[in-house]
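# Breakdown of the fold
This is what each chain is made of:
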Amino acid sequence: MSDLPILSIIIFLPLLGVLLLSIINSKSSGGERNLKQTALWVSTLNFVISIVMLINFDQSNVDFQFVENYFWINSGISYHIGIDGISILLIILTTFLMPICILASYESIKHSIKEYLIAFLILETLMIGVFCSLDLVLFYLFFEGGLIPMFLIIGIWGGDRRVYSTFKFFLFTLAGSVFMLLAIIAIYMDTGTTDIVYLLDYDLDHSLQYIFWLAFFASFAVKIPMWPVHTWLPDAHVEAPTAGSVILAGVLLKMAGYGFIRFSLGLFPVASSYFAPLIFTLSIIAIIYASLIALVQKDMKKLIAYSSVAHMGFVTLGIFTFTIQGIEGAMIQMISHGIVSAALFLCVGIVYDRIHTREIDRYGGLVNRMPVYAFVFMIFIMGSIGLPGTSGFIGEFLVLLAVFSVNTYFAVFATTGVVLAATYSLWLYRKVVFGSLVKEDLQDILDLSKREIIILFPLAFLTIFFGFYPQPLIDIIEPATINLISNISNDINLTESITQIESEH
Amino acid sequence: MYHAIVFLPLLGFFIAGLLSFVKNNPASDKVAQILTATLVSVAALYSIYAFTINIVDAKVVHIKLFDWIAVGSLVVSWAIYVDPVTRIMLVVITSVSALVHIYSIGYMSHDSSKPRFMAYLSLFTFTMLALVTADNFLQLFFGWEGVGLASYLLIGFWYKKPTANAASIKAFVVNRIGDFGLALGIFAIFYLFGSLDYQVVFSKAEALAAGTSNISDTINFFGYQFGSINLICFLLFIGAMGKSAQIFLHTWLPDAMEGPTPVSALIHAATMVTAGVFLVVRCSPMYDLAPDVLSFITLIGASTAIFAASVGLVQNDIKRVIAYSTCSQLGYMFFAVGVGAYGAAMFHLFTHAFFKALLFLGAGSVIHAVNDEQDIRKMGGLSTYIPLTHILMIIGTISLMGFPFTAGYYSKDAIIESAYLASSGFSSYAFIVGLLGVVMTSFYSWRLMFLTFNGKSRIDEDNLSKVHESPAIMLVPLIVLAIGALFSGYLFKNYFIGSSSELFWGHSIALHHADHHDIPFLIYYAPMLLGFIGFFLAWYMYLKNKQLPHDLAKLNGPLYNFLLNKWYFDEIYNFIFVKPARATGLFLWKQIDGYIIDGFGPDGISKLVLNLSLRAKKIQSGYIYHYAFAILIGVSIFITYFIYKGI
């Protein structure tokens, strides 16, 4: 088992699927079905393999595991991959959501289904690559490469304003990432390598750290997204097809959260602690600002998109507390948000497929004809609100607990987000689900089909399961987090003692 | 046994919840109803057994189930922690819940989604039990928000009613504001004490107060220095204010009456709303170390008692009168806590559960009888039609007003006497307000009774002929509650506040001994006298001289409207919170996001680029003489430059 390059298999299996898809003739009878089935089976198989990897993962080991290191460009830039407790769960999240996305697209995608599925499978490869990369250049390649399939998914299969939205998405993200690329080049010039494992132990010059940190920050802040560079997200979500939104909210945003933990904290600890107040301030603004905007939305997807901005605010808050509770809270918040917001977008997609509108006012009283839908939707709304007993609570609670120990101002302001979240979420639910069924076009609306039940029930189950028993997640995250924190605190204490010595002289 | 008490209702929830997806099947409806009622009843029997054991042996039972969250030094488990305080709550919750389950079989007999209703009731019961059996603040918080969820679902049970939907959201959100305080309190507890377990926290708090610990006794919160324990207790109390509908955070409770009446009886009278009192009593070892906060609690509790009673005087909806009465009685419990009479507060919680659930279910029986009418101005003279309900409600009313030897008499007297004897902050205010509240309580209760049951009926002939007594399945729970409302005070006063109290409570609450023999004769009988005055006033105004209330209302127009509109709390909140929040949201969205960020960011830049390239396009015109001209200009500039430089 250990000889198998399991990580590479997981990364490149979807590409194999692409190959298969490209040889299937979509024009033949049953061709479309074959395409969908193939994509579904490939992604499901990949999920199964990733679970096998999870089983073989050694939780107590804080080093990178399943490491593969091959010569690639030169001695400093290599194909170096491996995972630890911070990345493995995000990989599982990706492989888990992918079959769901494909299944969710079965009926809603009407044209060019082959290209659509190919775009998704390529995207999967790139996303998994991001979480595995142990080389900055490799990371950058995967990180930026992901833009292209997403750009196409929104731009080709999106809604009415898809071109505007997809360009906005592309340019925003690209603009941020240019700085990261420059920083990666500078790091290479400075150290002669882009190997992350090496750099994690390497003490970068502190004045350079600040610049590098800002460069990486530019990229991650756009991607996660933080205020004030968040405006691409609502537009992108609104126009994206359902599965596109699911991946965008479920995985793409997490790449930035992961980036903050792995790179900002790992490579530039001194700068991270220096800039933490900036992150806190922007996160607090994001939480309150986005929640207030969510209150007045008329479009379901926009509302959920703004709530995503607020939820990701908790992630950035948690990461920059440099505490165990904060960072693990941020991780759990990311996973929970990956489940819950993905599910919420799916819920929107389900009714969108039926009557083709996202406008909240066009709905009302769905519970009368769709009780099962109402039931699962309620679970996800509660997860989004962060009700104890759902996964949403664990992350938010841990983050806020950690923030309180750092700064009570921030804790108070961030906690107001919890009140606002209840307001806009329940309002959405009430407008869509409760009330009498009076609208003309809703009279014959059907409850969840079998396919939709298969999509939503696992998500609902996980939302509640991790709410009551998040320990499986914690067991995986904790050793890596402790390791990370001890590395950081060494560096930070070191600087503090150096500045002390300098000031004493 | 304790496992069964907690988890049987959960089992009921699962089964009834599944059955709720079966549509229009009388058999599955029956199964759901009988099954949930049976399971909760079994839990109730167990609880009563546990309670009687407590009288003999008040030992603590502590069962750890499994770890919930273990991150770094934070370790929190799911647990069942049972001490005397828990046992009281268990018996109140499960017995009222069982009776309400049974009553609901009759009350909801015409409803189309019975299993869903039973499922929600059982879910509520489970979360409430999780709340009171917690051994740490986080499980408490789970139960706390869990009952909030159940309450939200049950208030909005009739989801076709817009008012019910609005009320359910309001209940959830206002409670969340309270929970905001509670959550911050929990963060502060962990920050200071490094644990969320009750026992660890209380012992560390005591060490801190005694000066034998290295924990900081002040904490910087929001830029101010606070006493550590003061701050924690204050923040926790904000949570209690939300859940127990104390003044400023009370606005959700009257609106919550949109839910079916059994819900009002169970959640908004007997159990959930008392969770705030439970929280403070549970943390009494810590609150005892925070006298400033106790004074604040006294102030809030007493103010709520008088505020809610004053509003109750003029309301016309039968359920709202009782809701304000609940709010007011919770105020009594809180000022009891505030003056350090934790035992008396729990005692009133205990007796109140019986008589208030009785009143609510009685009101439900009335509403059931008069075809869902709730306005008491449109009732009257019902005593001949539904005599049994009338008698049962009289029992509830006399217990509420504190008629001698009924349950309310013992518990309310104990509270007022404690306030009289106490010397802590605002205790005299509480004492005076407490007495004033007795007159009002008695007045509004009897006003309700007289308008509903006595005099000439104001129901038209058609409807009057349809008025009918409720079926046995609804009346039997009422009778059981009536027995409790009559005797639970006399039977248990010795344990809660009397000579056996030390044995009964064990170490579960902070006990203070006040000498009740020092009370002057007049003070001792004052509550009783004032209760009769209230009764007499109501009798005079609503049976004898019926014109008087109208004249009074006209004479004191502004005051009457002020009370009728509940001190305008809703209007004020709407003006200072709800509207500005929406306006701000709209402003941020359209102006900041749309106009500034996008305007100067992506949209602005793309416009700029487009603009520049349009201009650049003009230069490339394709005419040779344009280019020749440009070259000529360029060359002359260069030449001029070099000549000037002097090469």
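Because the structure is a prediction, the values reported are computed rather than measured.

### Quick look at the overall build of chain B
Across its full length, chain B carries 27 helices and four strands. Counting every position in chain B, which comprises 647 residues, the buried fraction comes to 60%. Of all intrachain contacts in chain B linking residues separated by at least 6 positions in sequence, the fraction that spans at least 24 positions is 79%. Accessible area for chain B stands at about 25700 Å²; split by element, carbon and sulfur atoms hold 68% of it. Between the centroid of the 37 positive side chains of chain B and the centroid of its 34 negative side chains there is a distance of 11 Å.

### Details of the overall build of chain A
When you go through chain A residue by residue, the secondary structure sums to 19 helices and two strands. In summary, chain A has a C-alpha radius of gyration of 22 Å against a globular reference of 23 Å for 505 residues, a match within 12%. Each principal axis of the C-alpha distribution contributes one length, and for chain A these read about 80 × 55 × 40 Å. Relative to its full complement of 505 residues, chain A shows a buried share of 67%. For chain A, long-range pairs separated by at least 24 residues make up 81% of all intrachain contacts whose partners lie at least 6 apart in sequence. When the accessible area of chain A is evaluated, it comes to approximately 16600 Å², of which 65% is carbon and sulfur surface. Put simply, chain A has 23 plus and 36 minus side-chain charges, and the middle of one group is 19 Å from the middle of the other.

### So, the interface of chain A and chain B
Chain A puts 64 residues into the contact, and the matching count from chain B is 54 residues. When chain A packs against chain B, close to 5300 Å² is buried across both sides, 74% of that on carbon and sulfur atoms. Here chain A is connected to chain B by one salt bridge. For the salt bridge of Lys 168 of chain A with Asp 598 of chain B, the shortest nitrogen-to-oxygen distance reads 2.6 Å.

### A look at the packing of aromatic side chains
All names here are of chain B. On inspection of all chains with the given rule, the structure shows 101 aromatic pairs over all chains. When the centroid spacing of 5.4 Å and the interplanar angle of 85° are considered together, the rings of Phe 350 and Phe 354 count as edge-to-face. Here the residue Phe 350 and the residue Phe 354 both occupy positions in helix 15 (residues 342-369), the gap between them amounting to four residues, near one helical turn. Between Tyr 420 and Phe 431, the aromatic rings sit 5.1 Å apart at their centres with planes inclined by 55°, giving tilted as the arrangement. You can see Tyr 420 sitting in helix 17 (residues 407-421) and its partner Phe 431 sitting in helix 18 (residues 427-453), a full eleven residues away along the chain. The ring of Tyr 332 has Lys 412 sitting right over it, with the charged end atom 5.3 Å from the ring centre.

### What about the pattern of salt bridges?
Per the stated rule, a full pass over the model turns up 17 salt bridges over all chains. When the shortest N-O distance is used, the salt bridge between Lys 168 of chain A and Asp 235 of chain A registers 2.7 Å. Here the residue Lys 168 of chain A occupies a position in helix 7 (residues 162-191), and Asp 235 of chain A occupies one in helix 10 (residues 232-239), the gap between them amounting to 67 residues. With a relative accessible area of 5%, Lys 168 of chain A lands in the buried category. The salt bridge involving Arg 377 of chain B is made with Asp 375 of chain B; its shortest N-O contact spans 2.9 Å. Overlapping salt bridges, with partners in common, bring together Arg 161, Lys 168 and Asp 235 of chain A together with Asp 598 of chain B in one network.

### Observations regarding the nonpolar core
When a protein is soluble and globular, its nonpolar side chains tend to lie buried together. Membership of the largest hydrophobic core comes to 443 residues, with the highest contact counts inside it found for Phe 397 of chain A together with Tyr 152, Met 286 and Tyr 287 of chain B. Excluding anything up to four places from it in sequence, Met 286 of chain B contacts Phe 137, Val 201, Phe 202, Ala 205, Ile 229, Ile 232, Cys 233 and Leu 236 of chain B.

### Remarks on the packing of helix 4 (residues 114-132) of chain B against helix 10 (residues 261-270) of chain B
All names here are of chain B. Contact geometry of helix 4 with helix 10 gives a least axis separation of 11 Å together with a crossing angle of 5°. With respect to helix 10, the axis of helix 4 lies roughly parallel. Residues Phe 117, Leu 121 and Phe 124 of helix 4 touch helix 10, and the partners they reach there are Pro 262, Val 263, Leu 266 and Ile 267. Class assignment of the residues belonging to the contact of helix 4 with helix 10 gives a composition of seven nonpolar, no polar and no charged.

### Examining the packing of helix 9 (residues 206-223) of chain A against helix 11 (residues 242-267) of chain A
Residues and elements named next belong to chain A. At a minimum axis separation of 8 Å, helix 9 and helix 11 run at an interaxial angle of 170°. With respect to helix 11, the axis of helix 9 lies roughly antiparallel. On helix 11, the residues touching Gln 209, Trp 213, Phe 216, Phe 217, Phe 220, Ala 221 and Lys 223 of helix 9 are Leu 252, Leu 253, Met 255, Ala 256, Gly 259, Phe 260, Phe 263, Ser 264 and Leu 267. Of the residues belonging to the contact of helix 9 with helix 11, the class tally is twelve nonpolar, three polar and one charged.

### Details of helix 10 of chain A
Judged by how many residues are buried, helix 10 of chain A sits mostly within the fold: eight of eight residues are covered. Those residues of helix 10 of chain A that sit buried are Trp 232, Leu 233, Pro 234, Asp 235, Ala 236, His 237, Val 238 and Glu 239 of chain A.

### Section: the side chain of Asn 316 of chain B
Considering the arrangement of structural elements, one finds Asn 316 of chain B in the loop between helix 13 (291-312) and helix 14 (318-338). Engagement of the side chain of Asn 316 of chain B in a polar contact is seen with the side chain of Arg 447 of chain B, the distance being 2.9 Å.

### Some thoughts on helix 7 (residues 198-210) of chain B
All names here are of chain B. Across its 13 residues, helix 7 extends 18 Å between first and last C-alpha, which sits within 8% of the 18 Å expected from 1.5 Å per residue. Where helix 7 is concerned, the buried positions are Tyr 198, Val 201, Phe 202, Ala 205 and Leu 208. Seen end-on, helix 7 carries its buried residues on one side only, within an arc spanning 125°. Considering only its buried residues, helix 7 is in contact with helix 5 (137-155), helix 6 (162-193), helix 8 (228-243), helix 11 (275-282) and helix 12 (284-287).

### As for the state of the cysteines
Residue and element names in this part refer to chain B. The tally for this structure, following the rule as stated, stands at zero disulfides over all chains. For the unlinked cysteine Cys 233, the closest cysteine sulfur is that of Cys 283, found at 7.2 Å. Looking at Cys 233, the relative accessible area reads 0%, which means it is buried.

### Some thoughts on a positive patch on the surface
Residues Lys 298 and Lys 431 of chain A together with Arg 582 and Lys 590 of chain B make up a contiguous surface patch of positive charge. Summarising the element assignment, Lys 431 of chain A is placed in helix 17 (residues 408-433).

### Points about the side chain of Thr 323 of chain A
Residues and elements named next belong to chain A. Assignment of secondary structure puts Thr 323 in the loop between helix 13 (300-319) and helix 14 (324-355). A distance of 3.0 Å separates a polar atom in the side chain of Thr 323 from a polar atom in the side chain of Thr 321. Here Gly 326 takes part through its backbone nitrogen, which lies 3.0 Å from a polar atom of the side chain of Thr 323. The contact partners of Thr 323, leaving out residues within four places of it in the chain, are Ala 402 and Ile 485.

### Description of unusual backbone geometry
Residue and element names in this part refer to chain A. Of note, the amide linkage connecting Ile 224 to Pro 225 takes the cis form, showing an omega dihedral of -20°. Here Pro 225 is to be found in the loop between helix 9 and helix 10. Of note, the bond from Trp 227 into Pro 228 is cis; its omega dihedral lies within 30 degrees of zero at 5°. Among the structural elements, Pro 228 can be located in the loop between helix 9 and helix 10.

### Thoughts on the pairing of strand 3 (residues 218-221) of chain B
Residues and elements named next belong to chain B. A one-sided burial pattern is seen for strand 3, the buried positions being Ile 219 and Phe 221 and the unburied ones Thr 218 and Asn 220. In terms of strand pairing, strand 3 meets strand 4 (residues 224-227) through four bridges, oriented antiparallel. Note on strand 4: the bridge partner recorded for Asn 220 is Gln 225. Once strand 3 ends, the chain turns through two residues before running back antiparallel as strand 4, passing Phe 222 with a positive phi of about 55°.

### With respect to the pairing of strand 1 (residues 61-71) of chain B
Residues and elements named next belong to chain B. Both strand 1 and strand 2 (residues 74-82) contribute to a ladder of nine bridges, which runs antiparallel. When the bridges of strand 2 are listed, Asp 67 appears paired with Ser 77. The turn linking strand 1 back onto strand 2 is made up of two residues, and Gly 72 within it adopts a positive phi angle of 60°.

### Some thoughts on the environment of Ser 207 of chain A
All names here are of chain A. The residue Ser 207 is located in helix 9 in this model. C-alpha separation for the pair Ser 207 and Ala 271, spaced 64 residues apart in sequence, amounts to 8.5 Å. A polar contact is formed between the side chain of Ser 207 and the side chain of Asp 205, at a distance of 2.6 Å.

### Here's the deal with the environment of Ile 453 of chain A
All names here are of chain A. Mapped onto the fold, Ile 453 is located in helix 18 (residues 450-468). The exposure class assigned to Ile 453 is partly exposed, which follows from its relative accessible area of 30%. Sequence separation of Ile 453 and Val 376 is 77 residues, and the distance between their C-alpha atoms is 9.3 Å.

### Considering the confidence of the model for chain B
In the predicted model, chain B carries a mean pLDDT of 89, and 99% of its residues have values of at least 70. Scored as a whole, the predicted complex attains pTM 0.91, and scored at its interfaces, ipTM 0.91.

Conventions and cut-offs
Residues numbered from 1 in each chain as written. Chains lettered and ligands numbered in written order. Predicted model: local features only at pLDDT ≥ 70, side-chain atom pairs only at ≥ 80, totals over all residues. Heavy atoms only, no water. Helix = DSSP H or I, 4+ residues; strand = E, 2+ residues; numbered from the N terminus. Buried < 20%, exposed > 50% of the residue type's maximum accessible area, 1.4 Å probe, protein only. Contact = heavy atoms within 4.5 Å. Areas by Shrake-Rupley, 256 points an atom, 1.4 Å probe, with all protein chains shown as cover. Lys, Arg positive; Asp, Glu negative; His and termini not counted. Charge placed at Lys NZ, Arg CZ, Asp CG, Glu CD. Rg over C-alpha atoms; globule rule 2.2 N^0.38 Å. Buried area = accessible area lost by both parts, 1.4 Å probe. Salt bridge = Lys/Arg side-chain N within 4 Å of Asp/Glu carboxyl O. Phe/Tyr/Trp six-rings, centres within 6.5 Å; stacked < 30°, edge-to-face > 60°. Lys NZ or Arg CZ within 6 Å of the ring centre and 35° of its normal. Core = buried A, V, L, I, M, F, W, Y, C linked by side-chain atoms within 4.5 Å. Axes fitted to C-alpha atoms, helices over the stretch in contact; angles between N-to-C directions. Parallel < 35°, antiparallel > 145°, perpendicular 65-115°, else oblique. Nonpolar A, V, L, I, M, F, W, Y, C, P; charged D, E, K, R; others polar. Polar contact = N/O pair within 3.5 Å; in protein donor to acceptor, adjacent residues only side chain to side chain. Expected span 1.5 Å × (residues − 1). Arc of directions from axis to C-beta. Disulfide = S-S within 2.5 Å. Patch = residues over 30% accessible without salt bridge, like charges linked within 9 Å, V, L, I, M, F, W, Y side chains within 5 Å. Pairing = 2+ DSSP bridges. pLDDT = per-residue confidence, 0-100.

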